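Structure assessment
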Amino acid sequence: MRIILMGPPGAGKGTQAKVVAERLSIPAISTGDIFRANVSDGTPLGVEAQRYMDAGEYVPDEVTNAMVRDRIAEADARGGFLLDGYPRTVAQVHELDTMLEATGDSVDAVVVLTVDGDEVVQRLLQRAETEGRADDTEDVIRHRQEVYAEQTAPLVEVYGDRGLVREVDGMGEVDEVSERIFAVLDRDGTGAR
Ligand code: AMP
């Protein structure tokens, strides 16, 4: 299974990605987590990415695409993966298509978590307190929502035209949301439940 998990910042993508990937025995690949690991290790990639992340902007496509290309070529991702936070731009969609075509693979489902805008900002402000992420200040949070609406929300239509979009209500308890995701994926024959 090759699954993409989408949703605005604060929709709970990271949490759900780990639960779903574990259930399906595939790696959860989070571009945000990979960038953050590089930032804390002080790698050249981290240095490059950090200024965009701190401002709530997207890291340039060339940088992000190259990173994903390397990651999905690793052995553990050969049989499938769940992408959390990628693709985020139309150009990234095309790049992912090219990467998968090279091995004759394709995306099986795009799960879109839907959430209430105000609730999401509250969740992120709470996360700012508990995790202390540099990009969780109120101004940056609002900017990230705008960037998502402009650059990433259009992907729902792109994948919708391919019949791949599965919208899931992202509000409620973590377990409830996971069950909803398993239910839609089960209809795609993943054996999630
Ligand atoms: P996330 O943890 O998914 O919220 O990502 C945190 C930050 O990493 C984003 O605000 C971007 O700056 C950067 N980032 C993560 N994924 C991507 C991507 N696919 N394209 C560009 N930037 C990304």
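For the structure, check the block above.
Residues numbered from 1 in each chain as written. Predicted model: local features only at pLDDT ≥ 70, side-chain atom pairs only at ≥ 80, totals over all residues. Heavy atoms only, no water.

1. With respect to the environment of Y52
Selection criterion: Runs of E in the DSSP output that reach at least two residues are strands. Runs of H or I that reach at least four are helices, and both are numbered from the N terminus. Note on definitions: a residue-residue contact is assigned when non-hydrogen atoms from the two residues lie within 4.5 Å.
Looking at where Y52 falls in the secondary structure, it is placed in helix α3 (residues 44–55). Put simply, Y52 and T64 are 12 residues apart on the chain and 12 Å apart in space, counted from C-alpha to C-alpha. When near neighbours in sequence (up to four residues on either side) are disregarded, Y52 contacts E57, Y58, V59 and P60.

2. Quick word on the side chain of N38
To keep things clear, this is the line we draw: When accessible area is computed with a 1.4 Å probe and restricted to protein chains, residues below 20% of their type maximum are described as buried, those above 50% as exposed, and intermediate ones as partly exposed. We call two N or O atoms a polar contact when they sit within 3.5 Å, provided that within protein one can donate a hydrogen and the other can accept it, with sequence-adjacent residues counted only if both atoms are side-chain atoms.
With respect to the element layout, N38 can be found in helix α2 (residues 31–41). Residue N38 is classed as buried on the basis of its relative accessible area, which comes to 16%. A distance of 2.8 Å separates a polar side-chain atom of N38 from the backbone oxygen of I34. Those residues in contact with N38 that sit more than four places away from it in its chain are T43, L45 and G46.

3. Thoughts on α3
Selection criterion: This arc is taken over the directions from the axis of the helix to the C-beta atoms.
Burial in α3 covers these residues: G46, A49 and M53. Here the buried residues of α3 occupy an arc of 75° about the axis, which is enough to place them on one side. Residues of α3 that are exposed and point over 90 degrees away from its buried face: P44, V47 and R51. Positioned one or two residues after α3, G56 has a phi angle of 80°, which is positive.

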